Structures are given as C-alpha cells and as structure tokens.
Amino acid sequence: MTVTLDAPRSRTGGSDFGPLARRVRESGLLERRRGYYAWAIGGNLAATAGLWAAIGWFGASWWVVLLGVPLALMTARTAFLGHDAGHRQIAASHRANRWLGLLLGNALLGMGYGWWNDKHNRHHANPNHVGKDPDVGEGVLAWTREQAERHEGRFARWFTRNQARLFFPLLLLEGLNLKLGTALDLRRLPGREKALEGALLVVHAVGYLGLVFTLLSPGKALVLIAIHQGLFGVHLGCAFAPNHKGMEMPGEDVRLDHLRRQVLTSRNVRGGVVTDWMLGGLNYQIEHHLFPSVPRPNLRRLQPLVREHCAAVGLPYAEEGAVESYRQALRHMDEVGAAAG
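Residues numbered from 1 in each chain as written. Predicted model: local features only at pLDDT ≥ 70, side-chain atom pairs only at ≥ 80, totals over all residues. Heavy atoms only, no water.

Tell me what's going on with the packing of aromatic side chains, and back it up with residues and numbers.
Counted according to the given criterion, the structure contains 10 aromatic pairs. Look at Tyr36 and Tyr37: their rings are 5.0 Å apart centre to centre, the planes differ by 85 degrees, and that puts the pair in the edge-to-face class. Residue classification places Tyr36 among the partly exposed positions, given a relative accessible area of 25%. Take Tyr37: its relative accessible area is 1%, and that puts it in the buried class. Centroid distance Phe155 to Phe159: 6.1 Å. Interplanar angle 50 degrees. Geometry classified as tilted. (Phe/Tyr/Trp six-rings, centres within 6.5 Å; stacked < 30°, edge-to-face > 60°. Buried < 20%, exposed > 50% of the residue type's maximum accessible area, 1.4 Å probe, protein only.)

Structure follows, in structure tokens:
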C-alpha cells in the first residue's frame, strides 16, 4: 500500500494524542496486572513441564512426536510473555522486567532479550517506515517494489515473485532464524551483557537438547524438534504478519505525529477470547503501538477509547477478521513481488 498521508491534522494546532493519553491514564488501564501475569507465567510453566513429562511417559511410541504441536503453542505463549516483559507490562521496575525477559527469552526460548528489545523497539519507534523499521528492511523477503527490483539472480527473482505463496512455508524456519539472529547479535553486546546472555543461551541449548535426547531415541528426538520449532515459527509468524503488512509504508523523509505514525501503519485483527489467546494480544495492534506499556489483559478495554478517539479526529481505524487480514498482507507481498520481473 502506498502512503497517502491525507488524514487530517490536529484542528487545534496541538497534539491529537494528548487528550487520549490523559483519558487512558485516568482510566487506570496503565496499572500493572500482577495477578494475571503470575497466573499466566505459572500456568505456562506448569503446562510446559506437563508436556515434557508426557513426552517422557509416551517416549516409546512414535505418536509422541505429535506432542510437538501443543509444545509449540506453549512455547509461543512464553514468547508472548517475554514480549510483554520487554515492554515493561508485567512488573513496575525495569530491573524486574529485564530479568523476566532474560529468563523467558534466553533461558526458556533461546532468543536473546537484548537482541529482541533492540530490534523491536526500533520497530515500535517507526512502524512500517522504510529505512527505519528493521521489520521491513532488506532481506529474503521484499516489502517494497524498490527492494524487489534490487533482487538479482534467476532464483532470487523467482523467489520474490512467489514470496506470497512461499511465506507460510518459510515460517517453518522462523524459530531457527530467531535463534541465529540472537547468536549473531551477541557480538554487539558489551562484555557483561554478552556473558550473561550467552550463558543463558547455553543453558537453554544444553537443557533443551539434553532433555529431548534423554527422553527420546535420536530419530524421534529429531522429528519432535522439527515439529516443535517449525510450528513455533509458524505460530509466531501468524501472530505478527497481519499487524502491519499491507498497511501504510511512509518513506524515510515522511514525518508523522505519534498518533498517526502508529494508527495509519497498524491493523487490528477482530475476534474474541480465542483470538486474544492465539495472538497473544497482538490482535490489538493499534492499541499496543499507541500504549506499549499497557498490560495485555487491558487492551480489550482500551480498544473502545482508541476507536472513539480516532473517529473524533478523523483517523481511519483498520480492523479486519483474521482471514481478511492475512489476505491483505499476502496481497501486498504478491503486488510487491511482481516488481522482480
């Protein structure tokens, strides 16, 4: 989608975001939900431990590899909780959230808290902004026609032309890609952080591989790892893909205020409690981008305030069902890929 930037500016000359921010503060929606997160983290750890116990119990049968499916679901829950810690939604202090992020991310997922936070914060600062948002930067996939035109070689051009059809199969590798990105990023970190994050990543690798190869024969272990990591990548990709793909993509020279920078580039996914659970609250993408520190369970209550405010200032509020959200995202990828020739 090309950016039109024709949404009206503030009619008062001030910030259109200020009145909304004051209303949200007064509503109490910024307050921490410690009870919810204690239950969510505890329940997730218990369910994950139960699945590993079941893997050990049924390890003699090849049917055991199917437990990689619920294991991927629980691993994605861990990732969503790590995401919330990174946005300081869980605890009041930066230190507590950081340690939660390190334990959930590095130790349990094998994904670096420092790497993820750096990348994700740059995305939040300028979502979908070409040249500023790392999520739409140059890479295997093309997000703009200019990027697609720069892909050289017969295979690269074929891949780009077919990237919409290849997107979901490619997500099978996303779990491994996130771990690789983490490992490569360790070089950027200062000494103490590098040592801490690296040590926790080693704890994860030794613990995960040691557990699966102790409980299962080598063949079953490899199949379980493939199912677990593959579906984990697909699950995360399905949670992030509909949020911005196919929405406005401002260029490097475009300047927008906070309200428009976040609303015009984001799309919500309509649904109920099942959608909330499956997408980890990221289906409220507009609300999350406007107020990233609002705890996840408060996003549903925040939505009516944001929708009403957008209508009052004349801003379009994008919200679609899950199928239509994916259709729009894939259509954008297909249109961009056509530029590869």
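Still more to cover.
Which residues make up the environment of Leu103, and what values do they have?
If you trace the backbone, Leu103 turns up in helix 4 (residues 94–109). Sequence separation between Leu103 and Gly43 is 60 residues; the distance between their C-alpha atoms is 16 Å. (Helix = DSSP H or I, 4+ residues; strand = E, 2+ residues; numbered from the N terminus.)

I'd like a description of the side chain of His123, backed by residues and values.
Inspection of the secondary structure puts His123 in helix 5 (residues 113–125). Of the residues examined, His123 reaches a relative accessible area of 4% and is grouped as buried. Discounting residues that sit within four places of it in the chain, His123 has contacts with Asp133, Pro134, Asp135, His244 and His289. (Contact = heavy atoms within 4.5 Å.)

Account for the pattern of salt bridges, naming residues and giving values.
A full pass over the atoms with the stated rule returns 11 salt bridges. With a closest N to O distance of 2.2 Å, Glu138 and Arg150 form a salt bridge. Here the residue Glu138 occupies a position in the loop between helix 5 and helix 6 (145–150), and Arg150 occupies one in helix 6, the gap between them amounting to 12 residues. Between Arg327 and Glu324 there is a salt bridge whose closest N-O contact spans 2.5 Å. Of this pair, Arg327 and Glu324 both sit in helix 16 (residues 322–337), three residues apart, roughly one helical turn. One connected set of salt bridges, linked through shared partners, spans Asp16, Asp257 and Arg260. (Salt bridge = Lys/Arg side-chain N within 4 Å of Asp/Glu carboxyl O.)

Tell me what's going on with the side chain of Asn283, and back it up with residues and numbers.
The topology assignment puts Asn283 in the loop between helix 13 (273–278) and helix 14 (285–290). Asn283 sits in the buried class, given a relative accessible area of 1%. Separated by 2.7 Å, the side chains of Asn283 and Asp276 make a polar contact. With residues near it in sequence (within four places) discarded, Asn283 still touches Asn268, Val269, Thr275 and Asp276. (Polar contact = N/O pair within 3.5 Å; in protein donor to acceptor, adjacent residues only side chain to side chain.)

Describe unusual backbone geometry, naming the residues involved and giving the relevant values.
The phi angle at Arg88 is positive, at roughly 60 degrees, despite the residue not being glycine. Along the polypeptide, Arg88 turns up in the loop between helix 3 (68–86) and helix 4. Looking at Arg88, the relative accessible area reads 43%, which means it is partly exposed. Phi at Asn128 is positive, roughly 65 degrees, even though this residue is not glycine. Of note, Asn128 is situated in the loop between helix 5 and helix 6.

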